[in-house]
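Observations on the model geometry
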Amino acid sequence: MVALGIPLDGATDAAADGAPGRGALHLAHSPCPNDTFIYHAWTSGLIDGAPVTRLTFADIDVTNSACARGEFDVAKVSYAALPHLGPEWRLLPAGGALGRGCGPLVLTGPGGLAGLRGRKIAVPSDRSTAFLLFNLWLRELGSPDVAVEVVPFDQIMPAVREGRFDAGLVIHEARFTYGEYGLDCMVDLGEWWEGSTGAPIPLGAIVAKSHLDTGAITDAIRASLDYAWANPEASRAYIAEHAQEMSEDVCRMHIDLYVNEFSRDLGDEGRAAVRRLLGGAAELGLVPELGIAIP
C-alpha cells in the first residue's frame, strides 16, 4: 500500500528529461487509477513544454488539510474543501472528478438498518464531498443524531463487516467491491443527489496557487489527459503499480467512471453543479461561503 502523503522514489522532482527538477511545481494527487491515468504523461515528462513537476501521492483527506495550510503548488482536493481555502488558491477547470453515477455510498452489514439514529458511522474525511453529501442527505431524513468517526477509506468496509461500525460512507472503487465484503448499500448518495437536483456530482477539484501560471498548468493537465486517452497502454503498468491491490478490471472500471468530459473541462454544467452544491451547503451553514472564483 502507498504511504500516503510521502513522496515516492522515482516520482519526486521528475523533470522532462527524467533528471531531478529544480524549481519544480509540487503536485499532489491520490494514487487512485483515475488520477494516475490523467497525470501519468505530465509527471513522466511526456508532455513537451509542460511545467516540471515534483509529485507527492497523497490521499485527498491529506491534501484537503495540507492545502488549507498553504502546502503544495497544485493539488487534488475535495470540492467540499474549497470554501476552507483562501484567495491564494485558484480552482482549475481541468483534471478533477465530476460526473454521474459516481457518488459515494452508505453501506451497512447484511440486512441493512431501519434507521441511523444513534448509530456509529465511519467516514473517510470530515471535509470531503462525500461527507457533505452525507450531511445534506441526513438533513432530508430529519437530521438524526449519529456518531461519526474519520477512518482511512480502505479500512471502512472491513470495519463495518466486523461490526465495529453500524455503517460506513465509502468512495472510490468501493462501489465495485462492497459485495465482496458481504455489505449492503443503504443509499447511493450520487443517485440521491442527481435525483434531487438533476446535476452531476462535484467530487474532486484541482487547485493551484494563484501566483502561478494557471493557464500553463491547465494546458499541461489537458495535454496529459489527451495523451492518456490516445495512448491507454502507456500508463497501464504505472497505474497498476500504485493501484493499492486493485485488479485490472476494477482499475479500468474506476477510470471509466471517474475520467470523463468534465475531467478535461468543467463546462457550464459542471460550474453550475459546483455552485449548486457549495452554495446550497453554505446557505445551510455546512460550509463557509466560497471565496474562490469558479473559472
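Residues numbered from 1 in each chain as written. Predicted model: local features only at pLDDT ≥ 70, side-chain atom pairs only at ≥ 80, totals over all residues. Heavy atoms only, no water.

1. Remarks on the pairing of strand β6 (residues 105–108)
Side chains of β6 alternate between two faces, with L105 and L107 and V106 and T108 buried alike. Sheet analysis places β6 next to strand β9 (residues 167–170), joined by four bridges and oriented antiparallel. Bridge pairing links L107 to G168 in β9. Bridge count for β6 against strand β10 (residues 184–188) is four bridges, and the pairing is antiparallel. (Buried < 20%, exposed > 50% of the residue type's maximum accessible area, 1.4 Å probe, protein only. Helix = DSSP H or I, 4+ residues; strand = E, 2+ residues; numbered from the N terminus. Pairing = 2+ DSSP bridges.)

2. Observations regarding the UniProt feature "binding site: substrate" (unreviewed entry) in the chain
Per the UniProt record, the feature "binding site: substrate" (unreviewed entry) sits at K76, V77, S78, T129 and A130. Looking at the element boundaries, K76 is found in strand β3 (residues 74–78). Polar side-chain contacts of K76 include one of 2.7 Å to the side chain of D35. You can see S78 is positioned in strand β3. S78 gets classed as buried once you look at its relative accessible area, which sits at 2%. (UniProt positions renumbered as here; feature names shortened; annotations may be inferred. Polar contact = N/O pair within 3.5 Å; in protein donor to acceptor, adjacent residues only side chain to side chain.)

3. Quick word on the packing of helix α3 (residues 129–140) against helix α11 (residues 267–283)
Axes are the key here: two packed helices are described by the angle between their axes and the distance separating the axes. For the pair α3 and α11, the least separation of the axes is 11 Å and the interaxial angle reads 55 degrees. Compared by their axis directions, α3 and α11 come out oblique. Handedness of the crossing formed by α3 with α11: left-handed. For the pair α3 and α11, contact is made by T129, L132, L133 and L136 and by L277, L278 and A281, respectively. Grouping the amino acids of the contact of α3 with α11 by side-chain chemistry returns six nonpolar, one polar and no charged. (Axes fitted to C-alpha atoms, helices over the stretch in contact; angles between N-to-C directions. Parallel < 35°, antiparallel > 145°, perpendicular 65-115°, else oblique. Left-handed = near helix turned anticlockwise from the far one by under 90°. Contact = heavy atoms within 4.5 Å. Nonpolar A, V, L, I, M, F, W, Y, C, P; charged D, E, K, R; others polar.)

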